[in-house]
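Coordinates in review
Read off the chains here:
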There are 2 protein chains.
Amino acid sequence: MSGADPAVAPADEPALCRRARGLSGRTIAEVARELGRALPHAPGRAKGYVGTLVEAALGASAGNRSEPDFPALGVELKTVPMSAAGVPRESTFVCSIALDRVADAEWAESAVARKLERVLFIPVESERGVAFEARRFGAPLLWSPAPAQRARLRADWEMLADLVGRGELDRVTAHLGVALQIRPKAAHSRVVRLGPGEDGSVWTLPRGFYLRRTFTASVFATAAGGASGMGR
Amino acid sequence: MSGADPAVAPADEPALCRRARGLSGRTIAEVARELGRALPHAPGRAKGYVGTLVEAALGASAGNRSEPDFPALGVELKTVPMSAAGVPRESTFVCSIALDRVADAEWAESAVARKLERVLFIPVESERGVAFEARRFGAPLLWSPAPAQRARLRADWEMLADLVGRGELDRVTAHLGVALQIRPKAAHSRVVRLGPGEDGSVWTLPRGFYLRRTFTASVFATAAGGASGMGR
DNA sequence: CAGGATCCACTATTGGATCCCG
DNA sequence: CGGGATCCAATAGTGGATCCTG
């Protein structure tokens, strides 16, 4: 074993960061072996595997509960697939939308605001041509939104929550929002959920909030010594 | 006739701007008719037609000479095809590259810097679905680069001129440069010109400097009341 | 040929769909 | 089902090729 007992949650942020840095440079296969976990059975059938693996490696509260991964620290954990150029390859899921309750919510109380207040990003190599099990973890980033970033997220959230609350879900597409967007969140497109419609409730596809790839890219770029914090 | 005699160059910038504003809202067909010019014979065979038409309409010195379109004013004229959203659809040609002379040139003396010091942009509607002759001119923009824009152009130019001067023309692609890029400028790809190579001179494709679409977009966005002048 | 540009095949992006696990 | 995410067909973007005129 290489560090503290992974089954136990880290006591504080420094301890968490130490564990996270311990992953840097190591491969998925190495970490899986140390935790006694099998690698995914089939290539392309590995969605979510790395996220779960990192949860175990860092001692996050496992499972599907709607609280931070590290409840005592208020820290949310996200793995981010990175291209060789150091740019995220995918958007980042934030949380599902409670379609029936978003109407009269306030930004400060929202699940999005709470989840994003403190996030530990773990970059993972993700390049066609590098075998899944050989992909390496990168340097972790413990992030809280800068004022301009928080303002951007809030503006997007208020615009989107307003649309949902007004029953205009059918106007909501992933095109909306600069930093934050709404996209489907379901096993497939026939799944339905009750949500606000033009006349009362309608059956609709479950949705989630996601961070755009460009936003996450700017978060990493800024942290790496970038200039502005937002913008190109 | 709607304004001053188009055959005569405007006396000063205000006069030029008045003529340019006179085009706003009018169609290519209307302007062509007033100047007694035939419309292009075939659709898709109209490259350059609008540029030449506007030169005539505004009293620019016609022809292929390497001086500003309005020599007395030091103003360069560029038509810009615009999408319905008000964003340029194409990059903007600036000038050809003297491959054999760019090596020891200085930015301030360069053709790029001189051409871009004062530019009159004339937007033209350019949307599949709007017939060529029915496309309308937009509000003109008389522009000089803001300090940040000039610095960006200079940095790009120096990087590119350096590559060309060092005989590394084969490493120059249109990917290089944030605001300014180098692309082929010839009738077709078999045209060759003598330029600097790794060992003396080599035959190579003629090239030109172009403004990227994103840069021209930011120029228009800023002038339209935008915030930053550069950036997204 | 130099200046006026646009065309278009290919690549990059991404919105919507989908998959695994507990 | 909710949390962990990635997949991929369709669209947007653009680099290199091309076209017209004087």
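Since this is a predicted model, take the numbers as computed values, not measurements. (Residues numbered from 1 in each chain as written. Chains lettered and ligands numbered in written order. Predicted model: local features only at pLDDT ≥ 70, side-chain atom pairs only at ≥ 80, totals over all residues. Heavy atoms only, no water.)

Digging into the overall build of chain A
Our working definition: Strands here mean DSSP runs of E at least two residues long; helices mean DSSP runs of H or I at least four residues long; both are numbered from the N terminus. Only C-alpha atoms enter the radius of gyration; for comparison, a globular chain is expected to reach 2.2 Å times N to the power 0.38, where N is the number of residues. A contact between two residues is defined here by any heavy atoms of the two lying within 4.5 Å. Accessible areas in this description were obtained via Shrake-Rupley with a 1.4 Å probe; residue shielding takes into account the shown protein chains only. This count recognises Lys and Arg as positive and Asp and Glu as negative, with His and chain-terminal groups excluded. Charged side chains are reduced to one point each, which is NZ for Lys, CZ for Arg, CG for Asp and CD for Glu.
On a plain count of helices and strands, chain A comes out with six helices and eight strands. Sequence-ordered secondary structure for chain A, helices as α and strands as β, is α-α-α-β-β-α-β-β-α-β-β-β-β-α. Taken over C-alpha atoms, the radius of gyration comes to 18 Å for chain A, in line with the 17 Å a tight globule of 232 residues would show. Expressed as lengths along the three principal axes of its C-alpha atoms, the size of chain A is roughly 60 × 40 × 35 Å. A separation of at least 24 residues holds for 62% of the contacts in chain A among residues at least 6 apart in sequence. Taken as a whole, chain A presents about 12600 Å² of accessible surface, with 51% of it coming from carbon and sulfur. Of the side-chain charges in chain A, 31 are positive and 25 negative, and the distance between the mean point of each set is 6 Å.

Overview of the sheet that holds strand E4 (residues 141-143) of chain B
Residue and element names in this part refer to chain B. Going by this rule: Pairing between two strands requires that DSSP report at least two bridges joining them. Under this scheme, a helix contributes an axis fitted over its contacting stretch, all axes are lines through C-alpha atoms, and angles between N-to-C directions fall in the 0 to 180 degree range.
Within the open sheet, the three strands sit side by side as E1-E3-E4. Their pairing is mixed. One side of each edge strand has no neighbouring strand; the edge strands of this open sheet are strand E1 (76-82) and E4. Averaged over neighbouring strand pairs, the angle between their axes works out to 30 degrees when direction is ignored. Two strands pair when backbone bridges link them, and E1 and strand E3 (residues 119-125) are joined in this way by seven bridges, in the parallel orientation. Bridged to valine 80 within E3 is proline 123. On the sheet, helix H6 (residues 213-223) packs against E1, E3 and E4 and is oriented at approximately 105 degrees with respect to E4.

Side note on the protein's contact with DNA strand D
Keep this limit in mind: Only a single heavy atom is needed: when it lies within 4 Å of a molecule or strand, its residue is near that molecule or strand. The definition of a polar contact used here is a pair of N or O atoms within 3.5 Å, where within protein one atom must be able to donate a hydrogen and the other to accept one, and adjacent residues in sequence count solely through side-chain atom pairs. Charged residues are taken to be Asp, Glu, Lys and Arg, nonpolar residues to be Ala, Val, Leu, Ile, Met, Phe, Trp, Tyr, Cys and Pro, and polar residues to be all remaining types, Gly included.
What surrounds DNA strand D is a group of 37 residues, the closest being Lys185(A), Lys47(B), Gln181(B), Arg183(B) and Ala186(B). The sugar-phosphate portion of DNA strand D accounts for 56% of its atoms within 4 Å of the protein, the bases making up the rest. Here a phosphate oxygen of DNA strand D and a backbone polar atom of Ser189(B) are 2.9 Å apart. One nitrogen or oxygen atom from the side chain of Arg213(B) is found 2.9 Å from a phosphate oxygen belonging to DNA strand D. Elements with a contribution of two residues or more to the surface near DNA strand D: helix H3 (49-58), strand E1 (76-82) and strand E2 (92-96) of chain A together with strand E5 (180-184) of chain B. Of the residues forming the surface near DNA strand D, the biggest block, four residues, is contributed by E1(A). A class-by-class count of the residues in the surface near DNA strand D yields eight nonpolar, 13 polar and 16 charged.

Remarks on the sheet that holds strand E8 (residues 207-211) of chain B
Within a sheet, neighbouring strands are paired by backbone hydrogen bonds and run either parallel or antiparallel to one another. All names here are of chain B. Sheet architecture is open: three strands sit in the order E2-E8-E5, paired in antiparallel fashion. Looking at which strands have only one partner, the edges of the open sheet turn out to be strand E2 (92-96) and E5. Within this sheet the neighbouring strands show an average axis-to-axis angle of 35 degrees, counted without direction. Across the face of the sheet, helix H5 (residues 147-165) comes into contact with E5 and E8 while running at roughly 40 degrees to E5.

Remarks on helix H3 (residues 49-58) of chain B
Residue and element names in this part refer to chain B. Worth spelling out the cut-off: For the exposure calls, accessible area comes from a 1.4 Å probe over protein chains only, and a residue counts as buried if that area is under 20% of its type's maximum, exposed if over 50%, partly exposed in between.
Counted residue by residue, H3 has seven buried out of 10 residues, so it is predominantly covered. Tyr49, Val50, Leu53, Val54, Glu55, Ala57 and Leu58 are the residues of H3 that are buried. The inward-facing, buried residues of H3 contact helix H1 (13-23), helix H2 (28-34), E1 and E3. Where H3 ends, the next residue or the one after it, glycine 59, has phi of about 80 degrees, a positive value.

Some details on the packing of helix H1 (residues 13-23) of chain A against H3(A)
All names here are of chain A. Stated precisely, the cut-off is as follows: Each angle is binned into one of four classes, with values under 35 degrees roughly parallel, values over 145 roughly antiparallel, values of 65 to 115 roughly perpendicular, and all other values oblique. For any pair of crossing helices, the crossing counts as left-handed if the nearer helix is rotated counterclockwise from the farther one by less than a right angle, and right-handed if it is rotated clockwise.
For the pair H1 and H3, the least separation of the axes is 10 Å and the interaxial angle reads 130 degrees. Here H1 lies oblique to H3, going by the angle between them. Classified by chirality, the crossing of H3 by H1 is right-handed. Where H1 abuts H3, its residues Leu16, Arg19, Ala20 and Leu23 lie against Val54, Ala57 and Leu58. Partitioned by chemical class, the residues of the contact of H1 with H3 number six nonpolar, no polar and one charged.

Overview of the confidence of the model for chain A
Short version of the rule: The predictor attaches a confidence to each residue, called pLDDT, with possible values from 0 through 100.
Averaged over every residue, the pLDDT of chain A is 90; residues scoring 70 or more account for 93%. Here residues 227-232 of chain A scores under 50 on pLDDT; set against residues more than four positions off or in separate chains, the count is 10 contacts.

Some remarks on the protein's contact with DNA strand C
Taken together, 37 residues sit near DNA strand C, with Gln181(A), Arg183(A), Ala186(A), Thr79(B) and Lys185(B) positioned nearest. The side chain of Arg213(A) places a nitrogen or oxygen atom 2.9 Å from a phosphate oxygen of DNA strand C. Elements supplying a minimum of two residues to the surface near DNA strand C: strand E5 (180-184) of chain A together with H3, E1 and E2 of chain B. Looking at which element gives the most residues to the surface near DNA strand C, the answer is E1(B), with four residues. Taken together, the residues of the surface near DNA strand C break down into eight nonpolar, 13 polar and 16 charged.

Focus: empty space enclosed by the protein
Residue and element names in this part refer to chain B. Note the following rule: Both cavities and pockets are sets of points on a 1 Å grid over the protein atoms alone; in a cavity a 1.4 Å probe fits but cannot get out, in a pocket the set is open with protein on both sides within 12 Å along at least five of seven lines, and lining residues sit with an atom within 4 Å of a point. Grid points are joined across faces, edges and corners, and a volume is the space filled by probe spheres set on the points.
Tallied over the full model, the rule gives one cavity of 30 Å³ or more. Of the voids in this model, the largest cavity is the one considered here, and its volume is about 30 Å³. Looking at the largest cavity, the residues that line it are Trp107, Ala113, Leu116, Glu117, Pro145, Arg150 and Leu153. For the lining of the largest cavity, the elements supplying multiple residues, two or more each, are helix H4 (111-116) and H5. For the lining of the largest cavity, a count of residues per class yields five nonpolar, no polar and two charged.

A look at the environment of Asp156(B)
Residue and element names in this part refer to chain B. Its place among the elements puts aspartate 156 in helix H5. A relative accessible area of 2% places aspartate 156 in the buried class. Each C-alpha atom, one on aspartate 156 and one on arginine 33, is 41 Å from the other, the two residues being 123 residues apart in sequence. With near-sequence residues (within four places) excluded, aspartate 156 lies in contact with Gly177, Val178, Ala179 and Leu180. In terms of polar contacts, aspartate 156 uses its side chain to reach the backbone amide nitrogen of valine 178, at 3.0 Å.

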